[in-house]
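Structural features, examined
The lines below spell out each chain.
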Amino acid sequence: MIKIIIILTLFLTQSLQSQELSGIPKIIDGDTIHIKFKKIRLEGIDAPEVKQKCTINKKEYLCGVNAKNELKKKLRKKVIKCYSHNKDKYKRYLATCFVGETNINKWMVKNGYALAYRRYSKIYIKDEEFAKKNNLGLWEGSFINPEKWRKLN
């Protein structure tokens, strides 16, 4: 009986701290969106920055812009639902977002438009490995890890 009470208490505490955000998003970059003036960071992923360049066949391209555009195409004027349990140091909601049944965070990584943000989460590592194995998105060429790129720039 005590175990049940503890489990229910933990569940209710987490439910109370969880927040659902839904609406048509404004895409800021490959891992940041706004819904109704609320800033949301797609949790567990790290996309290239908008000014970041990558290469395919020795030709540079703006991989950050590409990630942003692919996210825009995927979400094109669709209502999405995001579930957040906390905020980051910049006061953005850290969230897992869905369009229909599709986990957007997972979709970005599995298609190679973002990396699994291993420092903060292990959730999308297999999706990153899939993209790498299949030369999808960023993995089609070469790139600097977005976190390292931010430090250098």
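As a reminder, the structure under discussion sits directly above these lines.
Residues numbered from 1 in each chain as written. Predicted model: local features only at pLDDT ≥ 70, side-chain atom pairs only at ≥ 80, totals over all residues. Heavy atoms only, no water.

**Observations concerning the state of the cysteines**
This is how it is decided: When two cysteine sulfur atoms are found within 2.5 Å, that pair is recorded as a disulfide. Three exposure classes are used, based on accessible area relative to the maximum for each residue type with a 1.4 Å probe and protein chains only: buried under 20%, partly exposed in between, and exposed over 50%. Elements are defined by DSSP. Helices are runs of H or I of four residues or more, strands are runs of E of two residues or more, and each kind is numbered from the N terminus.
Counted by the stated rule, this structure contains 2 disulfides. Residue C54 pairs covalently with C63 via a disulfide, S to S 2.0 Å. Around the S-S axis, the bridge from C54 to C63 shows a dihedral of about 55 degrees and counts as right-handed. Overall, the relative accessible area of 3% leaves C54 in the buried class. Disulfide pairing places C82 opposite C97 at an S-S distance of 2.1 Å. Of note, the bridge from C82 to C97 carries an S-S torsion of about 110 degrees and is right-handed in sense. Of this pair, C82 sits in strand β8 (residues 80–87) while C97 sits in strand β9 (residues 93–99), and the two are 15 residues apart along the sequence. For the residue pair C82 and C97, the accessibility class agrees, reading buried in each case.

**Quick look at helix α2 (residues 63–75)**
Short version of the rule: An expected span of 1.5 Å times one less than the residue number is assigned to each helix. By arc we mean the arc of the directions from the helix axis to the C-beta atoms, nothing more.
With 13 residues, α2 extends 18 Å from end C-alpha to end C-alpha; this agrees with the ideal 18 Å at 1.5 Å per step. All of the buried residues in α2 are C63, G64, A67, K68, E70, L71 and L75. Around the axis of α2, the buried residues are gathered within 160 degrees of arc, so they sit on the same side. Just past α2, the residue K77 takes up positive phi, approximately 55 degrees.

**A closer look at the packing of aromatic side chains**
Test applied: Aromatic rings from Phe, Tyr and Trp, taking only the six-membered ring of Trp, are treated as a pair when their centres fall within 6.5 Å; an angle between ring planes under 30 degrees marks them as stacked, one over 60 as edge-to-face, and anything in between as tilted.
What the rule picks out here adds up to 4 aromatic pairs. Considering the side-chain rings of Y83 and F98, the 6.0 Å spacing of their centres and the 65 degrees angle between planes classify their relative orientation as edge-to-face. Residue Y83 is found in strand β8, and its partner F98 is found in strand β9; the two are separated by 15 residues along the sequence. Overall, F98 belongs to the partly exposed group, its relative accessible area being 24%. Plain terms: the ring middles of W139 and F143 are 4.9 Å apart, the flat faces sit at 80 degrees to each other, and that makes the pair edge-to-face.

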